[in-house]
Amino acid sequence: MAFLNDNTLDNGLAALKAAATHIYINSAEPATYTAATSTNALGNKNFGAGAVFPAAIAAGSPSGRQLATAAVTDGSVTATGTATHYSVVTSGSSRLEVAQSLSASQGVTSGNTFTLGSATVRLPNVGG
Amino acid sequence: MANFTRNGSLIQIGDDDTIGSKRIEPGPVKKTAKATKELLSNDVTADHYFAGQRQIGEDADGNPIMHTGVDADGRTIEEGAEINYLDWLGHQRGEEGCSCFYLYQLRERTAAEKKALEIEGPSTVWAEVGQFPTEDEAISAALAL
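Rules used in this analysis
Residues numbered from 1 in each chain as written. Chains lettered and ligands numbered in written order. Predicted model: local features only at pLDDT ≥ 70, side-chain atom pairs only at ≥ 80, totals over all residues. Heavy atoms only, no water. Helix = DSSP H or I, 4+ residues; strand = E, 2+ residues; numbered from the N terminus. Rg over C-alpha atoms; globule rule 2.2 N^0.38 Å. Buried < 20%, exposed > 50% of the residue type's maximum accessible area, 1.4 Å probe, protein only. Contact = heavy atoms within 4.5 Å. Buried area = accessible area lost by both parts, 1.4 Å probe. Salt bridge = Lys/Arg side-chain N within 4 Å of Asp/Glu carboxyl O. Polar contact = N/O pair within 3.5 Å; in protein donor to acceptor, adjacent residues only side chain to side chain. Nonpolar A, V, L, I, M, F, W, Y, C, P; charged D, E, K, R; others polar. Pairing = 2+ DSSP bridges. Axes fitted to C-alpha atoms, helices over the stretch in contact; angles between N-to-C directions. Core = buried A, V, L, I, M, F, W, Y, C linked by side-chain atoms within 4.5 Å.

Helix and strand counts for chain B come out as four helices and nine strands. Walking chain B from its N terminus toward its C terminus, one meets helices and strands in the order β-β-β-β-α-β-β-β-α-β-α-β-α. Over its C-alpha trace chain B gives a radius of gyration of 19 Å, far above what one expects of a compact globule, namely 15 Å for 145 residues. Projecting the C-alpha coordinates of chain B onto the three principal axes gives extents of approximately 60 × 40 × 25 Å. Burial status across chain B gives 39% buried among its 145 residues. Residue pairs in contact within chain B that sit at least 24 positions apart in sequence constitute 57% of those at least 6 positions apart.

What follows concerns the interface of chain A and chain B. Listed per partner, the contact involves 35 residues of chain A and 33 residues of chain B. Three residues, Glu29(A), Thr34(A) and Ser103(A), lead the burial of chain A against chain B; their summed loss comes to 22% of the area buried on that side. Remark: the boundary between chain A and chain B carries zero salt bridges. Taken together, the links from chain A to chain B amount to 18 residue pairs in polar contact (both at pLDDT 80 or more). Those elements giving two or more residues to the side of chain A that touches chain B turn out to be β1 (3-4), α1 (6-11), α3 (33-39), β7 (81-90) and β8 (95-108) of chain A. Considering every element that reaches the side of chain A that touches chain B, the biggest residue donor is β8(A), with seven residues. For the side of chain A that touches chain B, the per-class residue count stands at 14 nonpolar, 19 polar and two charged.

Residues and elements named next belong to chain B. Here we have five strands laid out as an open sheet, ordered β1-β2-β3-β8-β9, and antiparallel in their pairing. Strands at the two margins of the open sheet, each flanked by one partner only, are β1 (4-7) and β9 (124-132). On average, each strand axis in the sheet is inclined to that of its neighbour by 25 degrees, with strand direction left out of account. Two elements, strand β8 (residues 99-108) and β9, share eight bridges in a ladder whose sense is antiparallel.

Right, let's get into the nonpolar core. Soluble, globular proteins show a tendency: their nonpolar side chains are buried together. If you look at the biggest cluster of nonpolar residues, it comprises 28 residues, and the most contacted ones within it are Leu96(A), Tyr49(B), Ile83(B), Leu86(B) and Trp88(B). Ranked by the residues each element gives to this core, the list is headed by β8(B), at four residues. If we skip the residues at most four places from it in the chain, Leu96(A) touches Phe3(A), Asn5(A), Pro30(A), Ala31(A), Thr32(A), Tyr33(A), Ala36(A), Ser87(A), Val88(A), Val89(A) and Trp88(B). Leu16(A), Ile23(A), Ile25(A) and Leu116(A) belong to the second largest nonpolar core, which has 26 residues in total.

Residues and elements named next belong to chain B. Counted under the stated rule, the structure contains 11 salt bridges over all chains. Lys37 is the salt-bridge partner of Glu79, the closest N and O atoms lying 3.0 Å from each other. You can see Glu79 sitting in the loop between β6 (64-68) and β7 (82-86) and its partner Lys37 sitting in helix α1 (residues 37-40), a full 42 residues away along the chain. Close ionic contact of Asp71 with Arg75 constitutes a salt bridge, the shortest N to O distance being 2.9 Å. Judged by relative accessible area, Asp71 falls into the buried class, the value being 0%. We classify Arg75 as partly exposed; its relative accessible area is 41%.

The next thing to look at is the sheet that holds strand β6 (residues 72-77) of chain A. All names here are of chain A. Overall, antiparallel pairing links the seven strands, which are arranged β1-β8-β7-β2-β3-β6-β9 in an open sheet. Each edge of the sheet is formed by a strand with only one pairing partner; in this case those strands are β1 and β9 (113-116). Pairing geometry for β1 and β8, over two bridges, is antiparallel. Following the sheet pairing, Phe3 is matched in β8 by Ala99.

Distances and angles like these do not, on their own, reveal function.
Shown next as structure tokens:
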């Protein structure tokens with residue numbers, strides 16, 4: 001399960017769904033918004049607020065509730081490197097919302113586009 | 001006089017476009033430890049640190065999509081080997097020694113960086129300068145830069 005900002009733990013998945021603006025790919029796991037969007041950034045897709053998680057909140061597995069990110073089909077690669085993690089941010093609030101490793105690291109080349117499958121973000125309930 | 005702004009937990013001294021501007025943000029400390037079962041348990045480290053692989057779904061042909069556990073630097077986690085991890089749990093719990101304030105400074109990328117990253121033209125980066133135990137210490141360090 002990914003790191004989730006306290007804002008999501010306090011206000012729920014609906015707050016994350018409404019606020020998040022960008023998905024970044026990163027060369028290392030970002031600890032902060034700045035690391036996600038600059039220091040470790042290799043590319044990004046700007047969805048705009050409300051569109052990073054387009055589908056409704058759904059039942060999580062094995063428990064809780066979850067959101068799914070939109071698949072990225074035309075992300076912009078801004079630097080050549082090996083993407084090992086992705087992150088979700090809210091740019092207006094300078095907030096790192098989600099940080100998670102990719103299912104498999106992928107090499108990316110500056111100037112190209114990147115694709116990323118949908119990923120889920122889950123708040124668990126009893127049962128983990 | 002430098003322009004101080006606060007947006008949520010991020011403090012910026014200067015602006016987004018001026019070389020030399022600084023940013024301070026709280027975050028989890030990055031630690032190094034041996035990847036034992038205890039360390040990798042969800043009571044100690046975040047769930048996304050695990051050894052081996054987990055199935056996270058299926059592709060269009062019904063084949064399993066596997067997720068390989070990696071550390072904070074993207075290296076495959078092998079039980080018994082050293083890993084680097086961000087102490088998210090300690091940070092969110094407010095435990096001592098698990099949180100810090102990261103200091104960044106906006107600078108031009110070097111020619112060597114641009115060559116390695118295959119970036120053409122002008123390029124800037126918020127480069128990490130240091131980590132400090134308190135916000136006040138980070139601000140003092142930022143003002144001394």
